[in-house]
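In case you want the letters, here they are:
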Amino acid sequence: MKQTLKEIKQRLSNIDNLKDPFLNDLKDDPRVGVQKLLVQKINQLSKIKLLKENFIQRQQIERQARQMGYKHIVGIDEVGRGPLAGPVVTCAVELPEKFSLYEVNDSKQLSAYKREKLFNQIKRSCVDYSIASASVEEIDRLNIYEATRIAMKRAVEQLKIKPDLLLIDDMQIEVDIDQKSFIKGDAKSISIGAASILAKVYRDHLMQQYSVKYPEYHFDKNNGYGTQEHIEALKKYGVTPIHRQSFSPVQKCLN
């Protein structure tokens, strides 16, 4: 007696391997509904397989560092260098050697829903983490690059466990700790990727709070970036205390 679609769907939900014999058995089932379920499951498992393979690749930098004798390896990333408003936020995070959240990647590659989910999972599973920022006043006084370096240094100094090695996304910071910088490091290192997620979600939450105070600028949607809607609001309502006055579009409104 053939299994019903409901029974097949239930059994498929418990399969996590593309080599499961049941998948091969279903290929001979003539029912359209069964073939649709089969294709969906194969696509799902194929996507997970690719994610896991890429995850293993992004752990290579950390593996090599441990082989060199480094024990406390910390990934560092920033978010918010480009916006016209709000602070620049940085994160430093140390992951355990057997870290297994294979969906962790460059935060820009993830949906807001996925970032929110991973935000809490990373915090629960990491060895240590710290989030720091540089204010709008510091950005205007120093420039965005130097303000970002300061925020990264703060994140490192706030860690409970002193790192042996820093893995940084395209930056060098003034601390007496070995460090390696990588262009697009958040997509190459699992530690930097995790830091990018924590920094991104933290800053998004902060901009949502600012949106309540300054609703005209829709910071909950644009996170301070210079969208057309944001620029129009600047022209209409003027500059707020959280706008970066050294950034050209804001300067034009001041002038």
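Residues numbered from 1 in each chain as written. Predicted model: local features only at pLDDT ≥ 70, side-chain atom pairs only at ≥ 80, totals over all residues. Heavy atoms only, no water.

Right, let's talk about the packing of helix α1 (residues 5–12) against helix α3 (residues 32–58) for a bit. Here α1 crosses α3 at 10°, and the two axes come no closer than 10 Å. On the basis of the axis angle, α1 is roughly parallel to α3. Along the contact surface, α1 presents Leu5, Ile8, Lys9 and Leu12, while α3 presents Gly33, Val34, Leu37 and Lys41. Among the residues making up the contact of α1 with α3, the classes are represented as five nonpolar, one polar and two charged. (Axes fitted to C-alpha atoms, helices over the stretch in contact; angles between N-to-C directions. Helix = DSSP H or I, 4+ residues; strand = E, 2+ residues; numbered from the N terminus. Parallel < 35°, antiparallel > 145°, perpendicular 65-115°, else oblique. Contact = heavy atoms within 4.5 Å. Nonpolar A, V, L, I, M, F, W, Y, C, P; charged D, E, K, R; others polar.)

In the UniProt entry, the feature "binding site: a divalent metal cation" (unreviewed entry) is given for Asp77, Glu78 and Asp169. These residues run over 93 residues, yet every pair of their C-alpha atoms falls within 7.9 Å of each other. Of the annotated positions named here, the second largest pocket is lined by Asp77, Glu78 and Asp169. Overall, the relative accessible area of 2% leaves aspartate 77 in the buried class. Not counting chain neighbours up to four residues away, the residues in contact with aspartate 77 comprise Val89, Thr90, Cys91, Met152, Asp169, Asp186, Ile192, Ala195, Ser196 and Ala199. Mapped onto the elements of the fold, aspartate 169 is located in strand β4 (residues 165–169). With relative accessibility at 12%, the residue aspartate 169 sits in the buried group. Those residues within four positions of aspartate 169 in sequence are excluded, and the remaining contacts are Ile76, Asp77, Met152, Phe182, Ile183, Lys184, Gly185, Asp186 and Ile192. (UniProt positions renumbered as here; feature names shortened; annotations may be inferred. 1 Å grid on protein atoms, 1.4 Å probe; cavity = no way out; pocket = protein on both sides within 12 Å on 5 of 7 lines; lining within 4 Å. Buried < 20%, exposed > 50% of the residue type's maximum accessible area, 1.4 Å probe, protein only.)

Strands sit in the order β3-β2-β1-β4-β5 across an open sheet of five strands; the sheet is mixed. What marks the edges here is a single partner per strand, and that holds for β3 (128–134) and β5 (178–182). Each adjacent strand pair in this sheet contributes to an overall mean axis angle of 20°, direction not counted. Pairing of strand β2 (residues 88–94) with β3 involves seven bridges; the strand directions are antiparallel. Residue alanine 92 lies in a different strand from β3, and its bridge partner there is serine 130. (Pairing = 2+ DSSP bridges.)

With numbering matched to this structure, UniProt assigns "domain: RNase H type-2" (unreviewed entry) to residues 71–255. Between the C-alpha atoms that bound residues 71–255 the distance is 52 Å, and the span itself is 43% helix and 17% strand.

Next up on the list: the pattern of salt bridges. Per the counting criterion, the structure on display carries nine salt bridges. For glutamate 138, the salt bridge is made with arginine 154, and the minimal N-O distance between the two is 2.5 Å. Of this pair, glutamate 138 sits in helix α6 (residues 136–142) while arginine 154 sits in helix α7 (residues 144–157), and the two are 16 residues apart along the sequence. Across the salt bridge formed by glutamate 174 and arginine 149, the nearest N and O atoms sit 3.5 Å from each other. Of this pair, glutamate 174 sits in the loop between β4 and β5 while arginine 149 sits in helix α7, and the two are 25 residues apart along the sequence. Taking relative accessible area as the criterion, arginine 149 reaches 16% and is therefore assigned buried. (Salt bridge = Lys/Arg side-chain N within 4 Å of Asp/Glu carboxyl O.)

Turning to the layout of surface pockets, a few remarks are in order. In this structure, the largest pocket encloses a volume near 230 Å³. Gln44, Lys47, Ile48, Leu51, Tyr102, Glu103, Asn105, Gln109, Leu110 and Lys114 are the residues that line the largest pocket. Top contributing element to the lining of the largest pocket by residue count: α3, with four residues. Looking at the lining of the largest pocket residue by residue, the class counts come to four nonpolar, three polar and three charged. Of the volumes computed, that of the second largest pocket is approximately 200 Å³. Lining the second largest pocket are 14 residues, with Glu78, Val79, Gly80, Lys108 and Tyr225 positioned closest to its centre. If you list the elements that add at least two residues to the lining of the second largest pocket, you get β1 (73–79) and α8 (190–213). (Points joined across faces, edges and corners; volume = space filled by probe spheres on them.)

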